[in-house]
Amino acid sequence: MKGKMISNLDRMEREGMERGMFDYKVEMDRILRQEVALGKGQEGGVKGASALILHRGEELYFNAFGEADSERGTPMSRDTIIRLYSMTKPVTAVAVMLLAERGRLDLWDPVSMYLPCFKGQKVWDETLGEVPAKRDNTIYDLLNMTSGITYPDENTEPGRRMKAMVDDFVARREQGERVDTKEYVRGIASIPLCFQPGDRWMYGFSADVLGGIVEAVSGMSYGAFLERELFEPLEMPDTRFYVPEGKRGRLAQHYDMTEKGVLIPHKGSHLGEYCGEDVAFESGGAGLVSTLDDYAHFAMMMVKKGTYKGRRIMGRKTVEFMTQNRLTASQARSVDWDSMRGYGYGCLMRVLMDQGAAGSNASLGEYGWDGWTGNYVTMDPCEELVLLYFIQRCGASVSAPVRRLRMAAYGALE
């Protein structure tokens with residue numbers, strides 16, 4: 001069945017090309033339809049997919065296919081609310097840089113200046129065990145993921161300890177306790193680093209610690225700060241750390257893929273996040289939910305160098321600072337993901353540095369990030385282009401369909 005569905009889509013594309021009427025919107029539709037068609041088969045694919053592409057403020061493309069929630073029969077739509085997971089990180093970087101450009105913090109400040117629990121951190125040595133860190137981590141280390149702070153990971157001792165900590169926090173929350181952002185931050189600080197601060201790049205809970213710093217500096221909860229400084233001025237009513245009861249019918253289900261390639265509803269918590277109304281842990285690395293249009297408002301503010309509908313949200317030079325590679329050659333050696341070929345990294349985002357290595361026709365300086373469930377954003381200041389791709393398949397990361405969609409989007413530009 002799967003092969004038949006795909007062959008029909010390919011046949012329609014071939015017929016269009018033979019007539020010399022290649023249409024980029026048709027091609028983008030085909031990419032999304034094919035992913036949903038695969039999801040209805042026995043391997044690969046998604047339950048639902050949507051995409052939005054904006055160019056110089058004009059809508060170049062939108063469409064949605066499949067279902068946001070198969071069990072309820074809810075179609076994927078423009079106002080579907082999804083879990084952003086790591087697409088939360090660019091928002092957190094902006095929050096930190098807002099405080100920096102106001103002189104409320106300095107990027108070279110030690111983390112312990114705002115969160116004393118990070119004073120005197122240890123580093124894990126495979127031979128010696130815990131050894132003292134040679135220096136304190138800084139806010140700059142956190143922004144560039146060079147802090148040595150890990151995510152849960154069975155392959156390292158700090159990773160195993162981090163997993164045990166998160167599992168304990170989730171279990172306590174499920175028993176009715178309110179384990180808040182401050183407690184998560186203290187827990188993260190108690191785990192030894194995987195390497196000395198600044199030695200290399202490694203993905204981890206750095207952005208969540210930054211959320212704790214924003215709370216400490218602003219005197220507000222992280223969610224309240226984001227609502228006041230970003231979500232209200234950028235007209236993002238559906239972007240929060242929780243989904244109100246009245247909107248939960250729009251929340252997409254996220255799906256796990258079994259070993260047989262069948263999609264089933266995901267159960268449990270990935271990194272301790274929780275989007276119920278009683279949320280206590282406001283995860284700066286993975287906790288936000290949003291919609292296509294909400295996130296597009298944030299992304300357009302970025303490509304417009306800090307302005308939205310004529311109103312300045314943050315400084316032009318601040319956005320320019322945020323959207324450059326900040327890794328040294330030595331640090332970048334550990335950026336070994338396939339999805340990061342040709343990219344540098346800085347302020348919690350990838351930055352395109354080599355089109356050939358990336359296999360992409362995107363502009364040099366294109367930046368953005370993605371989420372655990374496969375959602376993805378491209379922001380291109382040169383073209384004032386925003387591409388958003390929303391799916392909800394756990395562990396999907398950056399896939400071939402994303403690259404095809406991005407290639408087609410740039411191919412559509414005059």
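Residues numbered from 1 in each chain as written. Predicted model: local features only at pLDDT ≥ 70, side-chain atom pairs only at ≥ 80, totals over all residues. Heavy atoms only, no water.

Concerning the overall build of the protein
Here is step 1: In terms of helices and strands, the protein carries 13 helices and 16 strands.
Here is step 2: Its C-alpha radius of gyration of 21 Å places the protein within 12% of the 22 Å reference for a compact globule of 414 residues.
Here is step 3: Viewed in the frame of its principal axes, the protein has a C-alpha envelope of about 70 × 45 × 45 Å.
Here is step 4: Within the span of the protein, comprising 414 residues, buried residues form 58% of the whole.
Here is step 5: Within the protein, contacts between residues at least 6 apart in sequence are counted, and of these 67% link residues at least 24 apart.
Here is step 6: Of the roughly 17,300 Å² of accessible surface on the protein, a fraction of 48% belongs to carbon and sulfur atoms.
Here is step 7: Charged side chains in the protein number 52 positive and 59 negative. The centres of these two groups are separated by 2 Å. (Helix = DSSP H or I, 4+ residues; strand = E, 2+ residues; numbered from the N terminus. Rg over C-alpha atoms; globule rule 2.2 N^0.38 Å. Buried < 20%, exposed > 50% of the residue type's maximum accessible area, 1.4 Å probe, protein only. Contact = heavy atoms within 4.5 Å. Areas by Shrake-Rupley, 256 points an atom, 1.4 Å probe, with all protein chains shown as cover. Lys, Arg positive; Asp, Glu negative; His and termini not counted. Charge placed at Lys NZ, Arg CZ, Asp CG, Glu CD.)

Examining the side chain of R172
Here is step 1: By the element assignment, R172 lies in helix α5 (residues 157-174).
Here is step 2: Side-chain polar atoms of R172 contact the side chain of E183, separated by 2.8 Å.
Here is step 3: Contacts of R172, omitting those with residues within four sequence positions, involve E177, V179 and E183. (Polar contact = N/O pair within 3.5 Å; in protein donor to acceptor, adjacent residues only side chain to side chain.)

Quick look at the environment of D208
Here is step 1: Its location among the elements puts D208 in helix α7 (residues 206-218).
Here is step 2: We classify D208 as buried; its relative accessible area is 2%.
Here is step 3: Separated by 76 residues in the primary sequence, D208 and G284 place their C-alpha atoms 4.3 Å from one another.
Here is step 4: In this structure D208 touches Y151, V185, I188, F281, S283, G284 and G285, once residues within four positions along its chain are discounted.

Some points on the pattern of salt bridges
Here is step 1: Per the counting criterion, the structure on display carries 28 salt bridges.
Here is step 2: Linking R250 and D79 is a salt bridge whose minimum nitrogen-to-oxygen distance equals 3.9 Å. Placement of R250 in the loop between α8 (222-231) and β7 (255-257) and of D79 in the loop between β3 (74-75) and β4 (82-83) is noted, with a sequence separation of 171 residues between them.
Here is step 3: Overall, D79 belongs to the partly exposed group, its relative accessible area being 38%.
Here is step 4: E229 serves as the salt-bridge partner of R102, at 2.7 Å between the closest nitrogen and oxygen. Of this pair, R102 sits in the loop between α3 (89-101) and β5 (122-125) while E229 sits in helix α8, and the two are 127 residues apart along the sequence. (Salt bridge = Lys/Arg side-chain N within 4 Å of Asp/Glu carboxyl O.)

So, the confidence of the model for the protein
Here is step 1: Per-residue confidence for the protein averages 92 on the pLDDT scale, and 92% of its residues sit at or above 70.
Here is step 2: Predicted confidence for residues 1-6 stays below pLDDT 50, and this span has six contacts to residues more than four positions away or in other chains.
Here is step 3: Across residues 15-21, where pLDDT falls below 50, the model places three contacts with residues more than four positions away in sequence or in other chains. (pLDDT = per-residue confidence, 0-100.)

Considering helix α9 (residues 292-303)
Here is step 1: Taking 1.5 Å per residue, 12 residues should reach 16 Å; α9 reaches 16 Å between its end C-alpha atoms and fits that length.
Here is step 2: Every buried residue of α9 is listed here: L292, D294, Y295, A296, F298, A299, M300, M301, M302 and V303.
Here is step 3: Positive phi shows up at K305, right after α9, with a value of about 60°. (Expected span 1.5 Å × (residues − 1).)

Description of the sheet that holds strand β12 (residues 343-346)
Here is step 1: Within the open sheet, the eight strands sit side by side as β3-β2-β1-β16-β15-β14-β13-β12. Their pairing is antiparallel. Pairing within the sheet leaves two strands with one partner each, and these edge strands are β3 and β12.
Here is step 2: Note: strand β14 (residues 367-370) against strand β15 (residues 376-380), four bridges, orientation antiparallel. For G368, the partnering residue across the bridge sits in β15 and is T378. (Pairing = 2+ DSSP bridges.)

As for empty space enclosed by the protein
Where empty space is left becomes clear once a probe the size of a water molecule has been rolled over the atoms.
Here is step 1: Tallied over the entire structure, the rule returns one cavity of 30 Å³ or more.
Here is step 2: Considering only enclosed or pocket space, the largest cavity measures out at about 70 Å³ in volume.
Here is step 3: What lines the largest cavity is a set of 13 residues, and nearest its centre among them are K47, G48, Q253, Y255 and Q392.
Here is step 4: Across the lining of the largest cavity, the residue classes break down as seven nonpolar, three polar and three charged. (1 Å grid on protein atoms, 1.4 Å probe; cavity = no way out; pocket = protein on both sides within 12 Å on 5 of 7 lines; lining within 4 Å. Points joined across faces, edges and corners; volume = space filled by probe spheres on them. Nonpolar A, V, L, I, M, F, W, Y, C, P; charged D, E, K, R; others polar.)

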